[in-house]
Amino acid sequence: MPSEPTSAPPDRQGNESGHWGLAALLLSGLVILFFPIFIFLFLALLGGAWNIPEVERRHIDYSIVSLQVVVFGILAVSLFALLSGLLGLIASVRRKQPRGLALAGTLLAVLAVAVSVILLGTAYFAIEDAHRLLREHSRFIVAAPELELEVKDQVAKQPALRPMYEKAMKDGVLMESEANAILVNAGTRAYIQRPSPFP
């Protein structure tokens, strides 16, 4: 009499849950490790944009785009880590495998997602401050047409100002602070320090 087919026993020999759990641990650990580094970089970027005269508007625009890419990339990595941990838990239940790595990876991934959300909020405020800096700092405000005409007139009258003008126009845009600096050197303006809108 032929024996009836029996269901295959769960695969306890593999370590699928451990692999997923280890992936979740490694990815989550990287996100948490780099969290304070990125916070420091956000503050350094804003401070540098305010205090370093060589920083131009295009540099800040590029930094804003890069910041958005990095922050959303970190959020995607942390979500993938959470998915890996959950897949490890599911595999441990279905295959009757040890679930220590999968459980630890899932818990750490939850923390990594929380950290990524905090980083996303911090980046949002940093970008908001960067846009405010671009609007209010004379170094990033494009010179008005009449101010630019006045600068060109003084450069035509005083050829010694041309190197300064050419340096200001290397990016093709004359900023308000650059125009005022040229006019101060021309003797038609007195230097007035604009108060900083930032504490």
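Note that this is a predicted model, so its numbers are computed, not measured.

A word on the overall build of the protein
Along its length, the protein carries six helices and zero strands. The secondary structure elements of the protein, listed N-terminal to C-terminal, are α-α-α-α-α-α. Relative to its full complement of 199 residues, the protein shows a buried share of 30%. At a minimum sequence separation of 6, the contacts of the protein that also span at least 24 residues come to 80%. Accessible area of the protein: about 12,500 Å², with a carbon and sulfur share of 67%.

Quick look at the environment of R94
Within the secondary structure layout, R94 lies in helix α2 (residues 57-94). The class of R94 is exposed, set by a relative accessible area of 69%. It is 9.7 Å that separates the C-alpha atoms of R94 and S17, two residues lying 77 residues apart in sequence.

Focus: the environment of G100
As for its position among the elements, G100 is in helix α3 (residues 100-136). Its relative accessible area of 52% is what places G100 among the exposed residues. Considering only alpha carbons, one finds G100 and G18, 82 residues apart in sequence, at a separation of 7.8 Å.

Observations concerning the packing of α2 against α3
Where α2 contacts α3, the two axes come as close as 8 Å, and the packing angle between them is 165°. Considering the angle they form, α2 stands roughly antiparallel to α3. Relative to α3, the crossing made by α2 is left-handed. Looking at side-chain class alone, the contact of α2 with α3 contains 27 nonpolar, seven polar and two charged residues.

Here we look at the side chain of Q154
Along the polypeptide, Q154 turns up in helix α4 (residues 145-157). Other than its neighbours up to four places away in sequence, Q154 contacts L161, L183, A186 and T188.

Notes on the packing of helix α1 (residues 16-51) against α3
The contact between α1 and α3 brings their axes to 8 Å, and the two run at 20°. In terms of axis orientation, α1 runs roughly parallel to α3. For the pair α1 and α3, the crossing hand works out as left-handed.

Focus: α1
Between its first and last C-alpha, α1 extends 52 Å over 36 residues, near the 52 Å set by a 1.5 Å rise per residue. At F35, α1 shows its maximal bend, which comes to roughly 35°, and the proline P36 appears one to four places after that position. Looking at α1, one finds that the buried residues are S17, G18, G21, A24, S28, V31, F38, F42, G48 and A49. The elements touched by buried residues of α1 are α2 and α3.

Considerations on the packing of aromatic side chains
What describes a pair of aromatic rings is the distance from one ring centre to the other and the angle between the planes of the rings. What the rule picks out here adds up to two aromatic pairs. Between F34 and F38, the ring centres sit 6.3 Å apart and the planes meet at 55°, which makes this aromatic pair tilted. Within this pair, F34 and its partner F38 are both found in helix α1, separated by four residues, close to a single helical turn. A relative accessible area of 36% means that F34 is categorised as partly exposed. On the basis of relative accessible area, F38 is assigned to the buried category, the value being 18%. Ring geometry for Y124 against F125: centres 5.5 Å apart, planes inclined by 70°, an arrangement best described as edge-to-face.

Calculation rules
- Residues numbered from 1 in each chain as written.
- Predicted model: local features only at pLDDT ≥ 70, side-chain atom pairs only at ≥ 80, totals over all residues.
- Heavy atoms only, no water.
- Helix = DSSP H or I, 4+ residues; strand = E, 2+ residues; numbered from the N terminus.
- Buried < 20%, exposed > 50% of the residue type's maximum accessible area, 1.4 Å probe, protein only.
- Contact = heavy atoms within 4.5 Å.
- Areas by Shrake-Rupley, 256 points an atom, 1.4 Å probe, with all protein chains shown as cover.
- Axes fitted to C-alpha atoms, helices over the stretch in contact; angles between N-to-C directions.
- Parallel < 35°, antiparallel > 145°, perpendicular 65-115°, else oblique.
- Left-handed = near helix turned anticlockwise from the far one by under 90°.
- Nonpolar A, V, L, I, M, F, W, Y, C, P; charged D, E, K, R; others polar.
- Expected span 1.5 Å × (residues − 1).
- Bend = angle between axes of the 7 residues up to and from the residue.
- Phe/Tyr/Trp six-rings, centres within 6.5 Å; stacked < 30°, edge-to-face > 60°.

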